[in-house]
Amino acid sequence: MNKGILKFTLLSACLDRIKLFYIVLLGFVVPIGMKVVTYMHGAEESQTFEMLTGKVGVAFILTGLCLGLAGGGSGSQTGKGGEYLPLILTRPVTRAQYIFTKWSTFTLVGGVLAAVQNLILALIGVAFGEVLSPYVVAGQMLERFLDAGIIAAALTLALVANHWLFQVCAITAFYVWMMAQTMPPVSVAGPSSAGVDAVALEGTHLMLTLSRLIGDLILPTISVYDATNAPHFPLLAVVSYVSTIVVYLVAAIAVINKREFFYGTSG
Amino acid sequence: MARAADTSTTYMPRFLVAAAIVLLVARAVVWFNTMHDGKQQISSVRWTPVEEFKRSASLANGKLVLYKFCANWSDPCQRLESEVFINHKVSDLANADFLTVCVADRVREDGTNTPQIAELQKRYHVFAFPTLVIADANGDSKGVLVGCSSSLATYRFLARASQTESYVSAHK
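Not measured: the values here are computed from a predicted model.

Reading guide: rules and limits
- Just so you know, the residues in each chain are numbered from 1, in the order the chain's sequence is written.
- Naming scheme: in the order in which they are written, chains are lettered from A and ligands are numbered from 1.
- pLDDT decides what is reported in this predicted model: residues at 70 or higher carry local features, side-chain atom pairs at 80 or more are listed and counted, and totals for whole chains, interfaces and linings draw on all residues regardless.
- Angles run from 0 to 180 degrees between N-to-C directions of axes, and those axes are lines fitted to C-alpha atoms, restricted for helices to the stretch in contact.
- Helix numbering and strand numbering both begin at the N terminus, where a helix is a DSSP run of H or I of at least 4 residues and a strand a DSSP run of E of at least 2.
- For this classification, under 35 degrees means roughly parallel, over 145 means roughly antiparallel, 65 to 115 means roughly perpendicular, and everything else is oblique.
- Handedness of a crossing is defined here by the sense of rotation of the near helix relative to the far one, left-handed for an anticlockwise turn of less than a right angle and right-handed for a clockwise turn.
- A residue pair is marked as a contact if its C-beta atoms, positioned from the backbone, fall within 7 Å.
- For this classification, Asp, Glu, Lys and Arg are treated as charged, while Ala, Val, Leu, Ile, Met, Phe, Trp, Tyr, Cys and Pro are nonpolar and the rest, including Gly, are polar.
- Strands are labelled as partners when DSSP assigns at least two bridges between them.

A. Broad picture of the packing of helix α6 (residues 95-127) of chain A against helix α11 (residues 235-258) of chain A. Residue and element names in this part refer to chain A. Look at α6 against α11: their axes get within 9 Å of each other, and the N-to-C directions meet at 135°. Taken as axis vectors, α6 and α11 run oblique relative to one another. Considering only the axes of α6 and α11, their crossing is right-handed. In this structure, α6 contributes R95, A96, I99 and W103 to the contact, and α11 contributes L249, A252, I253, I256 and N257. Taken together, the residues of the contact of α6 with α11 break down into seven nonpolar, one polar and one charged.

B. Spotlight on the packing of α11(A) against helix α1 (residues 14-35) of chain B. Orientation of α11(A) relative to α1(B), taken along the N-to-C sense of each, is 150°, at an axis distance of 8 Å. Judged by the inter-axis angle, α11(A) sits roughly antiparallel to α1(B). Considering only the axes of α11(A) and α1(B), their crossing is left-handed. Seen from α11(A), the contacting residues are A:L235, A:L236, A:V239, A:S240, A:V242, A:S243, A:V246, A:V247, A:L249 and A:V250; seen from α1(B), they are B:L16, B:V17, B:A19, B:A20, B:L23, B:L24, B:A26, B:R27, B:V30, B:W31 and B:T34. Its residues assigned to classes, the contact of α11(A) with α1(B) shows 17 nonpolar, three polar and one charged.

C. Spotlight on the interface of chain A and chain B. Contact residues are listed per partner, giving 40 residues for chain A and 47 residues for chain B. Listing elements by their share of the side of chain A that touches chain B, those giving two or more residues are α6, β1 (187-188), α10 (224-229) and α11 of chain A. Broken down by element, the residue count for the side of chain A that touches chain B peaks at 13 residues, all from α11(A). Partitioned by chemical class, the residues of the side of chain A that touches chain B number 25 nonpolar, ten polar and five charged. Pairing of β1(A) with strand β4 (residues 128-129) of chain B, which is carried by two bridges, proceeds in the antiparallel orientation.

D. Structural detail: the environment of B:M12. Take B:M12: it is sitting in the segment before α1. Aside from chain neighbours lying at most four places away, what touches B:M12 is A:A96, A:I253, A:A254, A:N257 and B:V17.

E. Structural detail: the sheet that holds strand β6 (residues 141-146) of chain B. Residue and element names in this part refer to chain B. One open sheet accounts for five strands, arranged β1-β3-β2-β5-β6; its pairing is mixed. Strands at the two margins of the open sheet, each flanked by one partner only, are β1 (48-49) and β6. Examined bridge by bridge, β1 and strand β3 (residues 98-105) share two bridges and lie parallel to one another. Each residue of the ladder has a partner; that of P49, found in β3, is C102.

None of the figures reported here should be taken as evidence of function without further support.
Right, here's the structure in full:
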């Protein structure tokens with residue numbers, strides 16, 4: 001861990017008004033508004049709500065932070081995408097330290113924001129009469145930190161690996177993963193269809209199945225509620241989660257080690 | 001980590017590379033074992049087939065009815081049993097506070113459903129499997145959850161309906 005890089009990343013995340021506006025809007029205003037409306041009007045909570053308060057919510061928050069870094073919004077960043085690394089790495093710091101510090105800071109910021117959001121939503125629920133045990137709320141908050149850990153690792157790799165082909169694959173994979181989060185697994189009722197209907201149904205089914213498989217491969221998550229209440233320890237989920245984070249970090253360090261740095265001004 | 005001044009800036013931690021290889025192999029082994037385990041985990045929820053269910057039982061003990069609309073061919077229905085209702089918090093709540101009724105669709109197998117199943121599907125507007133419907137003793141819907149959601153989402157769905165019912169009963 002490098003304190004300078006940690007401070008730089010935290011300040012970069014906190015001092016950009018557009019980033020803060022995006023995070024406050026999507027991370028807090030929308031889900032909290034939806035929750036209050038749900039309680040006031042007795043409406044059913046939607047899958048959109050589940051999305052915004054779960055790992056997709058964490059992904060939105062972290063994407064806001066990380067894309068902000070690539071956007072050239074402040075003087076210390078380049079407009080070509082990616083942080084302006086030459087100035088940071090003129091200090092004698094190993095690139096592994098740089099990656100670890102970036103990942104830890106993203107995890108910390110994303111995890112804290114998402115956990116606070118979950119806590120506020122739980123308190124609103126309790127105020128409206130919902131009975132929630134502290135154990136469930138704590139489990140949800142821990143889960144948001146775990147989500148933040150893996151999404152931050154993926155985004156750290158995406159930030160440093162700036163080959164166009166990798167970027168295209170990463171963006172495509174992110175949207176494919178997101179697609180599977182928009183609806184729970186479901187089968188359409190009714191008799192077997194034929195013709196165009198059958199093709200459309202099978203196509204959708206195939207797309208969602210593929211999307212879930214890719215999601216399990218690139219962003220596996222651990223459900224704390226399942227891990228603590230299921231009859232067996234979720235070994236596959238834990239091993240998948242840890243292995244994916246380690247692979248992303250190794251890949252990020254390997255990629256950044258191969259980049260050439262010309263120390264000097266950005267001009 | 002070693003001090004940066006003593007190390008090349010392109011230093012790659014070897015333990016991390018070794019950990020990545022070991023964990024990837026472990027993931028492949030665990031995944032392979034899980035896929036070839038063959039053991040279908042069955043939840044402890046006592047589902048009553050809809051043909052054997054009497055609504056008068058709900059009236060008699062004041063419990064809500066939890067209908068599980070499903071089909072044998074549907075993968076998400078099997079996941080609901082093996083991943084959601086296997087969670088003992090969810091199954092304990094379902095067994096304690098609800099009369100659990102399984103409504104198995106037979107259209108793809110037999111070409112048609114029994115009138116009882118068809119009537120229930122029509123009443124609760126079931127268009128996908130699995131669908132969980134919570135109904136009171138009069139058959140009025142109190143909540144619907146479509147698809148195989150997470151165990152926590154399912155638990156909160158059941159708990160909310162159960163708490164609302166208890167609150168209404170206590171304030172009558």
